[in-house]
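This is what each chain is made of:
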Amino acid sequence: GNSVTQMEGPVTLSEEAFLTINCTYTATGYPSLFWYVQYPGEGLQLLLKATKADDKGSNKGFEATYRKETTSFHLEKGSVQVSDSAVYFCALSGTTGNEKLTFGTGTRLTIIP
Amino acid sequence: NAGVMQNPRHLVRRRGQEARLRCSPMKGHSHVYWYRQLPEEGLKFMVYLQKENIIDESGMPKERFSAEFPKEGPSILRIQQVVRGDSAAYFCASSPPGFGQETQYFGPGTRLLVL
């Protein structure tokens, strides 16, 4: 079955540091890949997505590239801010549309001023 | 366009009581998903519904849990005879109809505490 392996946290960085959160997946076919962000006490917000190999999703300075050869979808940001402190989830969906999401365990990110 | 709405946001129940969680999808969305998040864990899929149909309930516990999405009104996740292990955040997501890999949009969640 489908699975997502996500970089263990927590991760603590100083403001303006470079961020990488690793995510690898196992799936049949060509799933869509997502990064969701969860702020304290809130639901999940879609951060970015990619639907096919070599696609790059980007939003709010975050980027992730769908790498089929390495089955990876690592999240990166060049200069983090305190407001980026949250839990980040990597997820994939099935290949036939409107299917359940399979999530990684989440990575808690804390940015120190 | 209002987002996915869930109520109540917080629910406290004693062991043995029933919990009813409601989810109103975004306007125009006919697909609803329920996920459960245990403390310090990721989200786990429970059930996928379309109007009046359960499409995939492979993540639902076999007993005490049920879900519906009637023709009119919100989707309901019902937990009978709750136990302490049911304490979790329950999130609903919705997506529009389609044949592609549609993005799911999440509600704020219902945090259930069983005493």
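Residues numbered from 1 in each chain as written. Chains lettered and ligands numbered in written order. Predicted model: local features only at pLDDT ≥ 70, side-chain atom pairs only at ≥ 80, totals over all residues. Heavy atoms only, no water.

Undergrad: In this structure, what is going on with the interface of chain A and chain B? I would like to understand it.
TA: One frequent convention defines the size of an interface as the accessible area lost when the parts assemble. Contacts between the two partners involve 27 residues from chain A and, on the opposite side, 28 residues from chain B. Taken together, the two surfaces of chain A and chain B that pack against each other cover about 1800 Å², and 44% of this comes from carbon and sulfur. The tally of links from chain A across to chain B stands at one salt bridge. Taking the shortest distance from any N to any O, the salt bridge between aspartate 56 of chain B and lysine 100 of chain A comes out at 4.0 Å. Linking chain A with chain B are six residue pairs in polar contact (both at pLDDT 80 or more), by the criterion used here. Contributions of two or more residues to the side of chain A that touches chain B are made by β5 (32–38), β6 (44–50), β10 (86–93) and β11 (101–103) of chain A. Per-element tally for the side of chain A that touches chain B: the top contributor is β5 of chain A, with four residues. Here the side of chain A that touches chain B is built from residues that sort into nine nonpolar, 13 polar and five charged. (Contact = heavy atoms within 4.5 Å. Buried area = accessible area lost by both parts, 1.4 Å probe. Salt bridge = Lys/Arg side-chain N within 4 Å of Asp/Glu carboxyl O. Polar contact = N/O pair within 3.5 Å; in protein donor to acceptor, adjacent residues only side chain to side chain. Helix = DSSP H or I, 4+ residues; strand = E, 2+ residues; numbered from the N terminus. Nonpolar A, V, L, I, M, F, W, Y, C, P; charged D, E, K, R; others polar.)

Undergrad: Would you explain the nonpolar core in this entry?
TA: In summary, soluble globular proteins display a tendency toward joint burial of nonpolar side chains. In this structure, Trp35, Leu48, Phe73, Leu75 and Tyr88 of chain A are the most contacted members of the largest nonpolar core, which totals 25 residues. Listed by contribution, the elements that provide at least two residues to this core are β2 (11–14), β3 (19–21), β4 (23–26), β5, β6, β8 (62–65), β10 and β12 (107–112) of chain A. The element that contributes the greatest number of residues to this core is β10 of chain A, accounting for four residues. Filtering out sequence-adjacent residues up to four positions away, leucine 75 of chain A remains in contact with Leu19, Thr20, Ile21, Trp35, Leu47, Leu48, Phe62, Glu63, Ala64 and Tyr88 of chain A. Val4, Leu11, Met26 and Met60 of chain B belong to the second largest nonpolar core, which has 23 residues in total. (Core = buried A, V, L, I, M, F, W, Y, C linked by side-chain atoms within 4.5 Å. Buried < 20%, exposed > 50% of the residue type's maximum accessible area, 1.4 Å probe, protein only.)

Undergrad: Can you walk me through the sheet that holds β3 of chain A in this structure?
TA: Pairing between the strands of a sheet comes from backbone hydrogen bonds, and it takes one of two forms, parallel or antiparallel. Residues and elements named next belong to chain A. Pairing is antiparallel in the open sheet, where four strands are placed in the order β3-β9-β8-β7. A strand with exactly one partner marks an edge of an open sheet, and here the two such strands are β3 and β7 (56–59). If you compare each strand with its neighbour and ignore which way they point, the axes differ by 15 degrees on average. (Pairing = 2+ DSSP bridges. Axes fitted to C-alpha atoms, helices over the stretch in contact; angles between N-to-C directions.)

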